[in-house]
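Understanding the architecture of this molecule
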Amino acid sequence: MKPTLVLVGRPNVGKSTLFNRLTRTRDAIVADIPGLTRDRHYGQGRVGNKPYLVMDTGGLEPVIKEGILHAMAKQTLQAIDEADKVMFIVDGRQGVTAHDKIIAEQLRKSGQKILLVVNKTEGMATAVVTAEFYELGLGDPCAISAMHGDNIQELADLALVDFPDAEEETPESKHPKIAIVGRPNVGKSTLVNTLLGEERVIAFDQPGTTRDSIYIDFTHKDKQYTLIDTAGLRRRGQVHETVEKFSVIKTLQTIEDANVVVLVLDARNEISDQDTHIAGFILETGRALVIVVNKWDGLDDYQRDTIKRELNRKLAFLSFAQLHYISALHGTGMKNLLPSIDTAYAAAMAHLPTPKLTRALIAAVEKHPPPRGGMSRPKMRYAHQGGSNPPLIIVHGSMLQHVPETYRRYLENTFRETFELKGTPLRVDFKVGH
Ligand code: GDP
Ligand code: GDP
């Protein structure tokens, strides 16, 4: 399980600058995708052998101008509560402010592990600039400059000191490990119950790697699946009307832990920012994806057409995923759900042989050569597979730094068609040399 670091602090202390420093990696899949709301509130990073998730609470909710000194807003408090470690950012140039003191008091009350981070200290003497922050009563301050990148590595090491190195890469399980995610009330637990109600559950209540989650193994037509079930999702045979509070952190960790994600949307509600944010994170992690539009029962043709059009427009960036219109409540439209999960899983784990990749590459280049970049034309020689879940295809050649994004996208589509990779994002990277 990846530890989650949560960044808090008043506006303008440098939270989002630090967030970008801590998450600079792995943007390849999500770069420039039209229609995708880039969520800059959560992301992932790694120091040494320690991967982590980061969440920036700045901008999680509108700043309440009046009375901001009196309460931290609800979502921020929830994030603090669920964090593995909280980084409290203050501004070394401004010194301690009244607002800082109030946040500090809330943080002390939370009982969480707090790391006090003094930002904007470039060119200043650490001991001098940090001295006054001891009065916040949160232990030794750590001086950094998020803008200049000073001391960031040390900060990350310090934040993760209590957490063990990532375990040795275990060989991936040979079957789909499924996360069912979505906003509250879209019908996730109904879907889980309907799915499991029809299948043979072979193991129940094995603790998962994510806090509050369990793994449920079941079989369908002699194939094995593992469902990652978060507490509150599974309410087998019981009718509860209590609304689970939505936990971003739990959702992120569950997506991380899975190899196939089922994103559940509610046909009775507009697609919201929260839906596209979750989708964005699924893309960022590169997990395979199946989309389910639930509550399809009781709608007339006109309503159904309208919803389909809205989905096509808003979720165009997820067109690689298969989509199912279902009623989890009535168990209709679900026949092809597990087969879609199989397809997505197989695509995510596909073995792509170098000769076949290279043939597809050469054919694509012959059909449409890459455009010239300045004086020279990029030359593509061969392609090989560099990873799975998502499949990573590395194209080798020369002058590849000039290949435009649109051409990368063209190659991606070519590989997707050649290998029939449905249901998984795909990465194409370029490598100059041999
Ligand atoms: P947030 O509101 O807490 O997310 O703060 P931002 O990350 O948006 O930063 C607020 C302002 O502080 C921006 O103008 C940043 O460029 C600036 N800033 C952030 N980090 C540093 C730093 O390390 N040194 C200096 N001098 N300015 C910084
Ligand atoms: P969760 O919060 O995402 O786990 O959502 P629940 O499974 O608890 O469902 C929320 C509400 O939507 C409940 O009242 C369900 O009975 C209802 N619901 C779930 N699936 C369907 C469906 O397919 N059709 C209709 N009409 N209602 C559904």
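All figures in this text were calculated on a predicted structure; none of them were measured in a lab.

A separate point is the site of ligand 1. Taken together, 16 residues lie near ligand 1, and G14, K15, S16, T17 and M147 sit nearest. It is helix α1 (residues 15-22) that contributes the most residues to the shell around ligand 1, three residues altogether. Of the residues in the shell around ligand 1, the class split is four nonpolar, nine polar and three charged.

Moving on, we get to the sheet that holds strand β2 (residues 42-47). Sheet architecture is open: six strands sit in the order β2-β3-β1-β4-β5-β6, paired in mixed fashion. One side of each edge strand has no neighbouring strand; the edge strands of this open sheet are β2 and β6 (142-143). Here helix α3 (residues 98-110) sits on the sheet and contacts β1 (4-8), β4 (85-91) and β5 (114-119); the angle it forms with β4, its principal contact strand, is near 170 degrees.

Let us look at the site of ligand 2. The local shell around ligand 2 holds 16 residues, among which G187, K188, S189, T190 and L329 are the closest. The biggest single contributor to the shell around ligand 2 is helix α6 (residues 188-198), with three residues. For the shell around ligand 2, the per-class residue count stands at five nonpolar, seven polar and four charged.

Let us look at helix α8 (residues 273-285). Taking 1.5 Å per residue as the helical rise, α8 with its 13 residues ought to reach 18 Å, and the 18 Å between its terminal C-alpha atoms agrees with that figure. Among the residues of α8, those classed as buried are D275, I278, A279, G280, F281, I282, L283, E284 and T285. Looking one or two places after α8, you find G286, whose phi comes out positive at around 80 degrees.

With that settled, the discussion passes to helix α9 (residues 301-314). Between the first and last C-alpha of α9 there are 20 Å, a value that for 14 residues agrees with the 20 Å anticipated at 1.5 Å per step. Across the 14 residues of α9, one count as buried, placing the element largely on the outside.

Backbone torsion omega between N389 and P390 reads 10 degrees, so that peptide bond is classified as cis. Relative to the elements of secondary structure, P390 occurs in the loop between β14 (379-387) and β15 (392-398). With a phi angle near 75 degrees, N12 is a residue other than glycine that sits in the positive phi range. Position of N12 among the secondary structure elements: in the loop between β1 and α1. The residue K295 is not glycine, and still its phi comes out positive at about 65 degrees.

What follows deals with the nonpolar core. L7, F88, I178, V261, L263, L289 and V292 are the most contacted members of the largest nonpolar core, which totals 105 residues. Tallying contributions element by element places helix α10 (residues 337-348) first for this core, with seven residues. Ignoring any residue separated from it by four or fewer positions in sequence, one finds F88 in contact with V8, G9, I103, A104, L107, I114, L116, V117 and L138.

If you trace the three strands from one edge of the open sheet to the other, you get β14-β15-β16, paired in mixed fashion. A strand with exactly one partner marks an edge of an open sheet, and here the two such strands are β14 and β16 (427-432). Each strand axis lies, on average, 25 degrees off the axis of its neighbour in the sheet, ignoring direction. Note: β15 against β16, six bridges, orientation parallel.

What counts as what
Residues numbered from 1 in each chain as written. Chains lettered and ligands numbered in written order. Predicted model: local features only at pLDDT ≥ 70, side-chain atom pairs only at ≥ 80, totals over all residues. Near = placed C-beta within 6 Å. Helix = DSSP H or I, 4+ residues; strand = E, 2+ residues; numbered from the N terminus. Nonpolar A, V, L, I, M, F, W, Y, C, P; charged D, E, K, R; others polar. Pairing = 2+ DSSP bridges. Contact = placed C-beta atoms within 7 Å. Axes fitted to C-alpha atoms, helices over the stretch in contact; angles between N-to-C directions. Expected span 1.5 Å × (residues − 1). Buried ≥ 20, exposed ≤ 12 C-beta atoms within 10 Å, placed from the backbone. Core = buried A, V, L, I, M, F, W, Y, C linked by C-beta atoms within 7 Å.

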